[in-house]
Amino acid sequence: MLILGIETSCDETSAAVVRNGKEILSSIILSQDALHRHFGGVVPEIACRAHLESIIGIIDNALLDAKIPLDEIDAIAVVNRPGLIGSLLIGVTAAKTLSMVLDIPFIAIDHLHAHIYANNLESDDIRYPTISLVVSGGHTILFLSESETKHIPLGWTIDDAAGEAFDKVSKILGLGYPGGPVIDRLARQGNHRAVKFPRAYLEKDSLDFSFSGLKTAVLYYYQGQDLKSSKSKTVSNQDVSDIAASFQEAVVDVLVDKIVLASRMYNVRGVLTGGGVAANSRLRQRLKDKSKELSIPVYCPSVRLCTDNAAMVAGLAYKKYLEGDISCLDLEAIP
Ligand code: KG4
Ligand code: ZN
């Protein structure tokens, strides 16, 4: 079965053709980073307009790359929740139109569940239940997953998402947008023990997260460094790398510790991760080490499947199709 997936929930316009929920025949991703960089974050109106301008070309490219003509597609899948409403509407409208014109099923997908499914695209040995962490620019949420399609939320961020913290700290340090990749890179040259930033664990056994205090701590620390170095006018590159590494370690400590806590509480058979921050090299390394200690496998999708993409959407849609979970054409986009 061939499914065309569409993803426009935030600032990537993506389309992909996936066979039987597994084989990625094409995956086209157009990043809008260059459009939003100047503003230090995603501007919803710009995102929506850019999706509108590129969606048809991206779908055409996905079909061309897969060497599959449109009339051979068996179903259309699209993310309809959660995301920026203007952005979601572009993908949802394109998907509904194609479904209607081609008279094929329309399958609406939850963006967070699709991030978790990215693991299934690459691994066949996942055993349920799992603890699944979605950690991205808009979300930080732990699920208990009973299958590829059933996910029960256990805890989420009460303020900033982890990716949002990476982006805001990057802005504070003058490193640009998006912040995750550049902090990841700089942190490799820094000392993660240089600055003891706070870790918010919240109440005992809480599976919720909080990152806004950490972001503020970085801001005050950086401003303090700036004052100290006012004679030389700049904070040294090594200082910036040390701050980046220390901040990243604080985020990773909390994510890893909460995954371990949840895995023990629910006695799961594996851990799945997804979302842009799951591309973080330090997080991936620390999770690999924890996997041995927990004696269960920890999965991290390859980097290109961590950030937003339509292959994960088309993949999950196949499982939903098999379960008879087809959507009606009056289904709405939900921010
Ligand atoms: O999943 P995603 O592409 O979009 C959302 O659904 O939000 O995630 C984007 C987020 C951004 O905040 C970006 O800074 C972060 O993922 N990110 C990273 C890395 N690569 C992307 N954060 C930490 N380390 C990375 N290597
Ligand atoms: Zn995402």
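From a predicted model like this one, the values you see are computed outputs, not experimental measurements.

Novice: Before we move on, could you go through the side chain of Q225 and cite the residues and values that matter?
Specialist: With respect to the helices, strands and loops of the structure, Q225 is situated in helix 7 (residues 212–228). Apart from the residues within four sequence positions on either side, Q225 is in contact with V235 and D239.

Novice: Summarise the coordination of the zinc ion (ligand 2); cite the residues concerned and give the values.
Specialist: Protein coordination of the zinc ion (ligand 2) is provided by H111 (NE2), H115 (NE2) and D308 (OD), with donor distances spanning 2.0 to 2.1 Å. The exposure class assigned to H115 is buried, which follows from its relative accessible area of 0%.

Novice: Can you tell me about the site of ligand 1, naming the residues and giving the values?
Specialist: By nearness alone, 20 residues border ligand 1, and G137, D167, G180, D184 and G276 come closest of all. Interatomic distance of 3.2 Å between a backbone N/O atom of G163 and an oxygen atom of ligand 1. Against a free-state accessible area of 560 Å², the protein chains account for coverage of 91% of ligand 1. Breaking the shell around ligand 1 down by element, the ones donating at least two residues are helix 4 (111–122), helix 5 (162–172) and helix 6 (179–187). No other element matches helix 6, which puts 4 residues into the shell around ligand 1. When grouped by side-chain class, the residues that make up the shell around ligand 1 number 5 nonpolar, 12 polar and 3 charged. Residue-level mapping places the shell around ligand 1 at the junction of two domains, with at least three residues from each of domain 1 (2–116 + 306–322) and domain 2 (127–300).

Novice: Give me the sheet that holds strand 1 (residues 2–7): which residues, what numbers.
Specialist: Taken in spatial order, the 5 strands line up as 3-2-1-4-5 in an open sheet, and their pairing is mixed. Looking at the sheet topology across the chains shown, the edges are occupied by strand 3 (23–31) and strand 5 (106–110). Across the sheet, the axes of successive neighbouring strands diverge by a mean angle of 20°, strand direction being ignored. On the sheet, helix 3 (residues 85–102) packs against strand 1, strand 4 (75–81) and strand 5 and is oriented at approximately 155° with respect to strand 4.

Novice: Before we move on, can you summarise unusual backbone geometry with the specific residues and values?
Specialist: Comment: phi is negative for the bulk of residues other than glycine, and the bulk of peptide bonds are trans. For the bond running from Y128 to P129, omega is 0°, close enough to zero to count as cis. Here P129 is to be found in the loop between helix 4 and strand 6 (130–135). Cis geometry is adopted by the peptide bond preceding P178, which originates at Y177 and carries an omega value of -5°. Within the secondary structure, P178 sits in the loop between helix 5 and helix 6. Even without being glycine, S295 reaches a positive phi, approximately 60°. Position of S295 among the secondary structure elements: in the loop between helix 9 (281–294) and strand 10 (298–299). For S295, a relative accessible area of 64% corresponds to the exposed category.

Novice: Please set out the environment of R269 residue by residue, giving values where relevant.
Specialist: As for its position among the elements, R269 is in the loop between helix 8 (237–266) and strand 9 (270–274). Since its relative accessible area comes to 47%, R269 is described here as partly exposed. Along the chain, R269 and L294 lie 25 residues apart, while their C-alpha atoms are 9.7 Å from each other. Filtering out sequence-adjacent residues up to four positions away, R269 remains in contact with R127, Y128, P129, I296 and P297.

Novice: Break down helix 4 for me, with residues and values.
Specialist: Along helix 4, 11 of the 12 residues are buried, which leaves the element largely enclosed by surrounding structure. Along helix 4, the residues that are buried comprise H111, L112, H113, A114, H115, I116, Y117, A118, N119, N120 and L121. Taking the backbone nitrogen of L112 as reference, a side-chain oxygen 2.8 Å away marks D110 as the first, capping residue of helix 4.

Novice: How would you summarise the nonpolar core if you had to cite specific residues and measurements?
Specialist: L4, I6, V17, I59, I73, I76 and I109 are the most contacted members of the largest nonpolar core, which totals 47 residues. Discounting chain neighbours no more than four positions away, the residues touching I109 are A77, V78, V79, N80, R81, A114, V313, L316, A317 and K320. In terms of nonpolar packing, the next biggest core, distinct from the first, is built from 45 residues, L133, L186, V254 and V298 among them.

Novice: Describe the packing of aromatic side chains, listing the residues and the values that go with them.
Specialist: Evaluated as defined, the whole model comprises 3 aromatic pairs. Ring geometry for F197 versus Y221: centroids 5.8 Å apart, planes at 85°, classification edge-to-face. Of this pair, F197 sits in the loop between helix 6 and helix 7 while Y221 sits in helix 7, placing them 24 residues apart in sequence. Relative accessible area serves as the criterion here: at 4%, F197 is assigned to the buried category. The side chain of K258 reaches across the aromatic face of F209, ending 5.9 Å from its centre.

About the cut-offs
- Residues numbered from 1 in each chain as written.
- Chains lettered and ligands numbered in written order.
- Predicted model: local features only at pLDDT ≥ 70, side-chain atom pairs only at ≥ 80, totals over all residues.
- Heavy atoms only, no water.
- Helix = DSSP H or I, 4+ residues; strand = E, 2+ residues; numbered from the N terminus.
- Contact = heavy atoms within 4.5 Å.
- Donors = N, O, S within 2.8 Å, 3.2 Å for Na, K, Ca; no water.
- Buried < 20%, exposed > 50% of the residue type's maximum accessible area, 1.4 Å probe, protein only.
- Near = heavy atom within 4 Å.
- Polar contact = N/O pair within 3.5 Å; in protein donor to acceptor, adjacent residues only side chain to side chain.
- Areas by Shrake-Rupley, 256 points an atom, 1.4 Å probe, with all protein chains shown as cover.
- Nonpolar A, V, L, I, M, F, W, Y, C, P; charged D, E, K, R; others polar.
- Domains from an automatic or database assignment.
- Pairing = 2+ DSSP bridges.
- Axes fitted to C-alpha atoms, helices over the stretch in contact; angles between N-to-C directions.
- Core = buried A, V, L, I, M, F, W, Y, C linked by side-chain atoms within 4.5 Å.
- Phe/Tyr/Trp six-rings, centres within 6.5 Å; stacked < 30°, edge-to-face > 60°.
- Lys NZ or Arg CZ within 6 Å of the ring centre and 35° of its normal.

Don't take any of this as a statement about function, it's just geometry.
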